[in-house]
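Listed below, chain by chain, are the residues.
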Amino acid sequence: MTITTGTEAPELAGLPLLGSMFDLKNDSLGTFLRAQREHGDVVRITAGPPGIRATVYGVFSADGVQQVLAGESANFRKDNAFYQEIRESFGNGLLTSQDEDYLRQRRLVQPLFTRRRVDGYASAIAAEVTTLTEEWRDGGAESVDVLQDMARLALRAVARILFGTDVDAAVEIVEKSFPELGAYVLRRGYSPLNVPRDWPTPGNRRADAVHQALYEVCDRIIAQRRTSGEASGDGHDLLTLLVEAESAEDGSFDATELREQVLVFLLAGHETTATSLGFALHLLALHPEEQKRAHEEVDRVLGGRTPGAADLDALPYVTQVLKEAMRLFPAAPAIGRRAVVATQIGGVTIPAGADVIVAPWVTHRHPDYWEDAERFDPDRFTPEAEAARPRYAWFPFGGGPRACIGQHFSMLESVIALAMILQRHAFEAVDTVVPVAPAITLQAAGPARCRLKPRAVPSSPGAEA
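Residues numbered from 1 in each chain as written. Predicted model: local features only at pLDDT ≥ 70, side-chain atom pairs only at ≥ 80, totals over all residues. Heavy atoms only, no water.

**What about the overall build of the protein chain?**
Working step 1: In terms of regular secondary structure, the protein chain is built from 16 helices and 14 strands.
Working step 2: For the protein chain, the C-alpha radius of gyration of 22 Å lies close to 23 Å, the compact-globule estimate for 465 residues.
Working step 3: For the protein chain, contacts bridging at least 24 residues in sequence account for 73% of all contacts bridging at least 6.
Working step 4: Only carbon and sulfur atoms are counted for the fraction: they give 52% of the accessible area of the protein chain, which is about 20000 Å². (Helix = DSSP H or I, 4+ residues; strand = E, 2+ residues; numbered from the N terminus. Rg over C-alpha atoms; globule rule 2.2 N^0.38 Å. Contact = heavy atoms within 4.5 Å. Areas by Shrake-Rupley, 256 points an atom, 1.4 Å probe, with all protein chains shown as cover.)

**Focus: the packing of helix α7 (residues 146-163) against helix α11 (residues 255-286)**
Working step 1: Two elements in contact, α7 and α11, have axes separated by 8 Å at closest approach and are oriented at 145°. Along this stretch, α7 crosses α11, giving a crossing that reads as right-handed. In contact with V146, L147, M150, A151, L153, A154, L155, V158, A159, L162 and F163 of α7, α11 contributes V262, F265, L266, G269, H270, T273, A274, L277, G278, F279, L281 and H282.
Working step 2: Tallied by class, residues from the contact of α7 with α11 come to 18 nonpolar, five polar and no charged. (Axes fitted to C-alpha atoms, helices over the stretch in contact; angles between N-to-C directions. Left-handed = near helix turned anticlockwise from the far one by under 90°. Nonpolar A, V, L, I, M, F, W, Y, C, P; charged D, E, K, R; others polar.)

**Some remarks on the pairing of strand β2 (residues 54-59)**
Working step 1: Pairing analysis gives six bridges linking strand β1 (residues 42-47) to β2, with the strands arranged antiparallel. Considered in β2, the bridge of V42 is made with V59. (Pairing = 2+ DSSP bridges.)

**Remarks on the environment of V358**
Working step 1: Secondary-structure assignment places V358 in strand β10 (residues 355-358).
Working step 2: Separated by 208 residues in sequence, V358 and M150 have C-alpha atoms that sit 27 Å apart.
Working step 3: Aside from chain neighbours lying at most four places away, what touches V358 is V59, V65, V68, L69, A334, I335 and F395.

**A few points about the side chain of H364**
Working step 1: When you line up the elements, H364 lands in the loop between α14 (360-363) and α15 (383-387).
Working step 2: Judged by its relative accessible area of 0%, H364 falls in the buried class.
Working step 3: Polar contacts involving the side chain of H364 include one to the main-chain amide nitrogen of F395, which spans 3.0 Å.
Working step 4: Beyond its immediate chain neighbours, meaning those up to four positions away, H364 contacts M326, R327, P330, W370, A393, W394, F395 and P396. (Buried < 20%, exposed > 50% of the residue type's maximum accessible area, 1.4 Å probe, protein only. Polar contact = N/O pair within 3.5 Å; in protein donor to acceptor, adjacent residues only side chain to side chain.)

**What to know about the sheet that holds strand β3 (residues 76-77)**
Strands pair in a sheet through their backbones, by hydrogen bonds, and they do so in one of two ways: parallel or antiparallel.
Working step 1: Strands sit in the order β1-β2-β10-β7-β3 across an open sheet of five strands; the sheet is mixed. Edge positions in the sheet fall to β1 and β3, since each of these pairs with one other strand and no more.
Working step 2: In the sheet, β3 pairs with strand β7 (residues 335-339) via two bridges, with the strands oriented antiparallel. For R77, the partnering residue across the bridge sits in β7 and is R338.
Working step 3: Sitting on the sheet, helix α1 (residues 21-39) is in contact with β1 and β10, with an inclination near 155° to β1.

**Here we look at the pattern of salt bridges**
Working step 1: One pass over the full model with this rule turns up 28 salt bridges.
Working step 2: We note a salt bridge from R197 to E85, for which the minimum N-O separation is 2.6 Å. Here E85 lies in helix α3 (residues 81-90) and R197 lies in the loop between α8 (167-189) and α9 (202-228), a separation of 112 residues in the sequence.
Working step 3: Where R380 meets E324, a salt bridge forms, and the shortest distance between an N and an O atom there is 3.0 Å. With a gap of 56 residues between them, R380 in the loop between α14 and α15 and E324 in helix α13 (residues 316-328) connect regions that are remote in the sequence.
Working step 4: Judged by its relative accessible area of 8%, R380 is buried.
Working step 5: Among the residues examined, E324 registers a relative accessible area of 0% and is labelled buried.
Working step 6: What emerges from the salt-bridge pattern is a single network uniting E85, E88, R188 and R197. (Salt bridge = Lys/Arg side-chain N within 4 Å of Asp/Glu carboxyl O.)

**A look at the sheet that holds strand β14 (residues 449-454)**
Working step 1: Strand order in this open sheet of three strands is β4-β14-β11, and the pairing throughout is antiparallel. Each edge of the sheet is formed by a strand with only one pairing partner; in this case those strands are β4 (143-145) and β11 (425-429). Direction aside, the axes of adjacent strands within the sheet are offset by 40° on average.
Working step 2: Bridge count for β4 against β14 is three bridges, and the pairing is antiparallel. Bridging across to β14, S143 finds its partner in R451.

**What about helix α16 (residues 407-424)?**
Working step 1: In this model α16 runs 26 Å from its N-terminal to its C-terminal C-alpha over 18 residues, within 8% of the 26 Å that 1.5 Å per residue would give.
Working step 2: α16 sits mainly inside the fold: 16 of its 18 residues count as buried. (Expected span 1.5 Å × (residues − 1).)

**Looking at the packing of aromatic side chains**
Working step 1: By the definition in use, this model includes nine aromatic pairs.
Working step 2: A ring pair is formed by W370 and F381, whose centres lie 5.8 Å apart and whose planes are at 35°; its orientation type is tilted. Taken as a pair, W370 in the loop between α14 and α15 and F381 in the loop between α14 and α15 lie far apart in primary sequence, eleven residues in all. Just as W370 is buried, F381 falls in that class too.
Working step 3: Between Y392 and F395 the ring centres are 6.4 Å apart and the planes differ by 55°, which places this aromatic pair in the tilted class. Here Y392 matches F395 in class, with each residue buried.
Working step 4: An aromatic cluster is present here, built from F279, F329 and W361 joined pairwise through their rings.
Working step 5: Over the ring of Y102 we find R402; its NZ or CZ atom is 3.7 Å from the centre of that ring. (Phe/Tyr/Trp six-rings, centres within 6.5 Å; stacked < 30°, edge-to-face > 60°. Lys NZ or Arg CZ within 6 Å of the ring centre and 35° of its normal.)

Following this line, the structure appears as structure tokens:
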């Protein structure tokens, strides 16, 4: 409801002159969680000295999240400083574009993400998982950092699907470039004052070098594809489809737009899946009974054969494990917007021009929706349990008209990968606690090492039809 009346949001207590600046800098997710626990579902948080003080409104209830992302999404835009920094670093792709730019891009890209098209990527995903598990076996690995290895697996899978066989060059550049560029975006996005990007400071110069490396690898592959007219591999990689994407109404992508879409797909397409898979394995390693249930389902359904897209519905417990991992460790732990006009949420006024945060990290732990919220329990995601909760009590892929276009792709990749890994290995946790911190996506601040225990893969005749 867009109105100008309502009560004022309670403010989270902070330092007299700097507010919650250090709390947000040191532990923003913990600060948002404390704000909800102490003050409720709409909270005002201020940070910084007078004159350049920033104010953000945290919205934590499922109904409030639905209002921001879906019901009144036109009033909550990606106009804040953080999205501007992502836009300048990664381009104006689907993640950051707005208005007619976004609608045009979405219309051109949507046919590439139909269920039938995405299901066709299952064999490419399975090939990368096979490569990883064989490396574990042939290398005699006794323990692995599951977050690190899942990041590389997800990156190689999305690069393979984007570029066909042009995987290695893209993976090497992205592995080196994305962490540094993400840290640069984070510093600038949350700083009240920034020097212009074209000033030759050490940070700007390093970021510019990273930009150029990413641009060069994307531009080279795109140019080769346009010149040859052929894909690397079987002709069905996403880059070929993007090059060919065209409609009577919207035309097609030029080289700059293609580069920006590719960069966004590389970023969003691998980090979300990597986080889900890595933490799913970490959590299963900590919970042997749940791991046993997942092993039993995989053995019963697959009987040793390689899963495909048609197996997703037959692996409900594996899917529940992934959903619970995404609840506890959402890849996008906080999502920002800016209000266009004054709005009332839960009886509290959000002023025009205010920055707003909806935080899966907080809502996924909200006591109204989740009992004993820090406990790992995949049975929270049985069909009956899901139906009993509000729609936006769980929203790892965002929601509304800007919901992630790659949701089905992410779930397909995650279920296939987790099922194949569990076919071949059992896991025992070495690191029981993994500290995390937000960047563009959720990042681990330490390893998640697990001991590997090879399993005998059952023969396929026993699999369920």
